[in-house]
Amino acid sequence: MRMVLKILVAAFLPLALAVTLSGCGEGERRIVRVGHNQAADHPTNLALLAFEEYIEGELGKRYEVEVYPSELLGSQMDMVQLTQTGAIDFCVASNSILETFSKNYTLFNLPYLFASSEAYHRAMDDPEITGPIFESTRQAGFQAVTWIDAGTRNFYTVDKPIRTPADLKGLKIRVQQSPTNVAMMSLLGGSATPMGFGEVYTALQSKVIDGAENNELALTSNGHGDVCKFYSYDMHQMIPDILIGNCAFLETLTKEERAVFEKGFQMVNAVERREWGKAVESAKERAAKEQGVTFLYPEVQPFQEVCASMHRDFLAAYPELSPVYEGIQAWNAAWAEGEGR
């Protein structure tokens, strides 16, 4: 059924867009389309529904917001390209996909970049850190308008618990479509298998892959815990998802409208972060009790040491991003010493 919906949307979206744009005369509302790949009960969708309600409450005579969850507009890469061309106005993209449009995003994909969730949040709220990254895709036709907490990424497997890097040897692990993630898996001894998120459940079920890496909500919201029975907190990445907007659309907004949209973007971030913590606790409880998932807490340092060379290689390849990297390390140090509390 989902595939049928995707095909229908793909077939009729260009026509609907043409009708919308041709019908945007004086007094008519402009439809603002937002796509993402998460389920309807996911914190990302709840945040975007709050955005929809806020924008329509403030600018309802001029704009109507439509939110499309669950990859109804295609894969994340499809949606980024639709946003790039202006076929849709906004989408939520993984940082890993954005790495293919701007190498600046490679920084956020580095394993063990953030030392704690507190340092991660403070760094991502710091415009001196996010600015050089978020503005780097303007030449591609889109820009980041806010970040979305996607928690901590950890390994989960069908039937082999991961307690040390050696346990990953020879396993086929789904990773995001990012050169950095492929390199990370190579260092850890696993076989990286990049694929779209919507394909992962079937690949796990059919044993095309042995496991994947993601946050806890993938177990429940996407059913991966029905197949994978071990979830290991190696804490290898804290990668934000990014809400991106089409530059041409953003530039058509009046000063008053842009201020409203900016407040809406802040609302997306705030609502999603509030809902995220509750969703993770609920997912862990459900995964353990209903799906029979065992949660493991391996020592993180051995994984971290294996991946350390990626930091050195990144700084050698992108010296211009060294100040941003050092800014993140400053937040790491502040929270490690208790100064950020």
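The preceding data block contains the structure.
1. Observations concerning unusual backbone geometry
Link 1 in the chain: At tyrosine 112, a residue that is not glycine, the phi angle is positive and equals roughly 60°.
Link 2 in the chain: Take tyrosine 112: it is sitting in the loop between helix 5 (106-109) and helix 6 (117-124).
Link 3 in the chain: Judged by its relative accessible area of 11%, tyrosine 112 falls in the buried class.
Link 4 in the chain: Backbone geometry places lysine 207, a non-glycine residue, at a positive phi of 65°.
Link 5 in the chain: Residue placement: lysine 207 occurs in the loop between helix 9 (200-205) and strand 8 (211-214).

2. Overview of the sheet that holds strand 3 (residues 90-94)
Link 1 in the chain: Overall, mixed pairing links the five strands, which are arranged 2-1-3-10-4 in an open sheet. The outermost strands of the open sheet, each flanked by one partner alone, are strand 2 (63-68) and strand 4 (142-148). Averaged over neighbouring strand pairs, the angle between their axes works out to 25° when direction is ignored.
Link 2 in the chain: One ladder, built from five bridges, connects strand 3 with strand 10 (residues 241-246); its direction is antiparallel. Counted as the bridge partner of serine 94 is aspartate 241 from strand 10.
Link 3 in the chain: Contacts from helix 2 (residues 43-59) reach strand 1 (30-35), strand 2, strand 3, strand 4 and strand 10, with the element oriented near 170° to strand 2.

3. Let's talk about the packing of helix 8 (residues 179-188) against helix 13 (residues 301-317)
Each pair of packed helices can be described by the angle between their axes along with the distance between the axes.
Link 1 in the chain: At their nearest, the axes of helix 8 and helix 13 sit 9 Å apart, and the two run at 130° to each other. Put simply, helix 8 runs oblique to helix 13. In the packing of helix 8 onto helix 13, the handedness of the crossing is right-handed. Along the contact surface, helix 8 presents Thr180, Ala183, Met184, Leu187 and Leu188, while helix 13 presents Phe303, Val306, Cys307, Ser309 and Met310.
Link 2 in the chain: Here the residues of the contact of helix 8 with helix 13 are counted per class, giving eight nonpolar, two polar and no charged.

Rules of the game
Residues numbered from 1 in each chain as written. Predicted model: local features only at pLDDT ≥ 70, side-chain atom pairs only at ≥ 80, totals over all residues. Heavy atoms only, no water. Helix = DSSP H or I, 4+ residues; strand = E, 2+ residues; numbered from the N terminus. Buried < 20%, exposed > 50% of the residue type's maximum accessible area, 1.4 Å probe, protein only. Pairing = 2+ DSSP bridges. Axes fitted to C-alpha atoms, helices over the stretch in contact; angles between N-to-C directions. Contact = heavy atoms within 4.5 Å. Parallel < 35°, antiparallel > 145°, perpendicular 65-115°, else oblique. Left-handed = near helix turned anticlockwise from the far one by under 90°. Nonpolar A, V, L, I, M, F, W, Y, C, P; charged D, E, K, R; others polar.

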